[in-house]
Amino acid sequence: MSHHLNKKGCAAVYLKGGHLPHYISEKLAKDKSACAGIKDHPLVSSILDVVISGSNDDVYYFGCPRTGKYLRSSGVHGTGCIMASAIAAMLARDYDSVDAIAYAKAYMTRGIENSIDIGAKSRMFSHGYFTSSELLKYFPVMGRTMDELRMMTGLEENSGFVQCAHNLGLYPVVDSSNWIRKLCENGVKTMQLRIKNPESQELLEKEISVSAELCRKYGVRLFIDDYYDLAVKYHAYGVHLGQEDLLEAKLKQVRDAGLRLGVSTHGYAEIARALLLKPSYIALGHIYPTGSKVMASKPQGPERLKDYVELVDKLYPTVAIGGIKLHNLDEVMASGTGSVAVITAITGAEDPEQAIAEWLDRVGLGDAETIEKNPAGKKAAPEAKTAKRASTRKKTAKAG
């Protein structure tokens, strides 16, 4: 039915799952062998909604725990109208439908959890202003694959990925080991190798192998874009994956190898997916229009970036990316993000070494960290002190 409505012209179809736990409870109750575990059954203890959106009928599963006053949510009347109004308000602010639903679900969960008993088995929904801490507390998780759905319901263990330094500093994204070498030699401590359409598998593996070896030599955090299997094979520091890459990626392989995981996001819904996966960092973009790749989403802008950083920065490092230049850097840094990713600002510069120095001076190296291959599941805590900026190092060297 939902696919039918979508094909009839609905931009998105939202199937609420609030009544599903009651339905499952009734079904389980009829099965005497399952009675003992009804309350603890994953599909009873979680609220699961389904959203179908876009021309490709993309499916999004949203979930939140059914705890506390949510168990007595049947006494809170008008929740359907409140949810619809919250979604409409977010759409009016130019958020797309799945982002609007993600935020509205947080508002709904908070309102029910803080509802007030007014007697006669009725409760009054609690409206009010959201603080960033409250938003994080009640924010849903989102999944798009069956493995992610199993994580949401507790049917599959999800221990998360190895931590990295909270502030990653300047984060250039380049497409060759030659660029990796130049960045290492000029003092950059976090970087990504992104090779699109490699000429051959042999050349691809050589580029990743050489880059990984260079970064170990210089004590640098190297993330490999997309090719998680080769990142594991050549012992890179971490992997970076986009939202579509996550549909097919074998994340257990990355996690078991002790590699870090960075995840791209482009709004509240994809942030909800990142919260489910528990990555090492969350990339937030694209902030401004960019010519480096065709983007399906709209530019988020510095105001939304600030909102996203306030939402997740307490749990995960954040990386701002997309169209960031020196002239708009101040408003990006004002968001509180701990890292700024750039591509053409360095690779397209007339004097790349000078550009690297300028960006390091403005953004910094990030937090110091011992770079080593960790056993799977071992958390690598960053050192307390922040590394000095490259410009300071150069001044000190000259003074000596």
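Residues numbered from 1 in each chain as written. Predicted model: local features only at pLDDT ≥ 70, side-chain atom pairs only at ≥ 80, totals over all residues. Heavy atoms only, no water.

1. Section: the packing of helix α8 (residues 177–185) against helix α9 (residues 201–218)
At a closest axis distance of 9 Å, the pairing of α8 and α9 adopts a crossing angle of 10°. Here α8 is positioned roughly parallel relative to α9, judged by the angle of their axes. Facing Ser177, Ile180, Arg181, Cys184 and Glu185 of α8, the residues of α9 in contact are Glu207, Val210, Ser211, Leu214, Cys215 and Tyr218. (Axes fitted to C-alpha atoms, helices over the stretch in contact; angles between N-to-C directions. Helix = DSSP H or I, 4+ residues; strand = E, 2+ residues; numbered from the N terminus. Parallel < 35°, antiparallel > 145°, perpendicular 65-115°, else oblique. Contact = heavy atoms within 4.5 Å.)

2. Observations regarding the pairing of strand β12 (residues 281–284)
Side-chain alternation along β12 places Tyr281 and Ala283 on one buried face and Ile282 and Leu284 on a second face that is also buried. Sheet topology places strand β11 (residues 260–265) next to β12; 4 bridges connect them, and they run parallel. Across the sheet, serine 264 pairs through a bridge with alanine 283, a residue of β12. Handedness of the β-α-β unit built from β11, helix α12 (residues 268–277) and β12 comes out right-handed. With 3 bridges joining them, β12 and strand β13 (residues 318–321) adopt parallel strand pairing. Bridging from a neighbouring strand, alanine 283 pairs with valine 319 of β13. (Buried < 20%, exposed > 50% of the residue type's maximum accessible area, 1.4 Å probe, protein only. Pairing = 2+ DSSP bridges. Right-handed = clockwise from strand over helix to strand, strands pointing away.)

3. Remarks on the packing of helix α5 (residues 97–113) against α12
One way to put it is that α5 packs onto α12 with a least axis distance of 7 Å and a crossing angle of 60°. Our classification of the angle between α5 and α12 gives oblique. Across the interface between the two elements, Val98, Asp99, Ala102 and Tyr103 from α5 touch Tyr268, Ala269 and Glu270 from α12.

4. Quick word on a negative patch on the surface
On the surface, a cluster of negative charge is made up of Glu185, Glu350, Asp351, Glu353, Glu358 and Asp361. Tallying contributions element by element places helix α16 (residues 352–363) first for the negative patch, with 3 residues. Within the secondary structure, aspartate 351 sits in the loop between α15 (344–347) and α16. Note on aspartate 351: relative accessible area 39%, which makes it partly exposed. (Patch = residues over 30% accessible without salt bridge, like charges linked within 9 Å, V, L, I, M, F, W, Y side chains within 5 Å. Areas by Shrake-Rupley, 256 points an atom, 1.4 Å probe, with all protein chains shown as cover. Salt bridge = Lys/Arg side-chain N within 4 Å of Asp/Glu carboxyl O. Lys, Arg positive; Asp, Glu negative; His and termini not counted. Charge placed at Lys NZ, Arg CZ, Asp CG, Glu CD.)

5. What to know about a nonpolar patch on the surface
Where nonpolar side chains cluster on the molecular surface, the patch consists of Ile116, Ile118 and Met124 and spans about 290 Å² of accessible area. Within the secondary structure, methionine 124 sits in strand β5 (residues 122–124). Overall, methionine 124 belongs to the partly exposed group, its relative accessible area being 45%.

6. Let's talk about the environment of glutamate 113
By secondary structure assignment, the location of glutamate 113 is in helix α5. Overall, glutamate 113 belongs to the buried group, its relative accessible area being 17%. As a C-alpha pair, glutamate 113 and serine 126 span 13 residues in sequence and 8.2 Å in three-dimensional space.

7. Topic: unusual backbone geometry
In this model, glycine 285 is joined to histidine 286 through a cis peptide bond whose omega is -20°. If you trace the backbone, histidine 286 turns up in the loop between β12 and α13 (301–312). Despite not being glycine, aspartate 94 shows a phi value in the positive range, around 75°. As for its placement among the helices and strands, aspartate 94 is situated in the loop between α4 (79–92) and α5. The partly exposed category is assigned to aspartate 94, whose relative accessible area is 43%. Positive phi outside glycine occurs at asparagine 197, with the angle close to 55°. The class for asparagine 197 is exposed, based on a relative accessible area of 75%.

8. Description of the environment of leucine 284
For leucine 284, the position within the fold is in strand β12. It is 5.0 Å that separates the C-alpha atoms of leucine 284 and alanine 320, two residues lying 36 residues apart in sequence. Those residues in contact with leucine 284 that sit more than four places away from it in its chain are Thr265, Ile271, Leu305, Tyr308, Val309, Thr318, Val319, Ala320 and Ile321.

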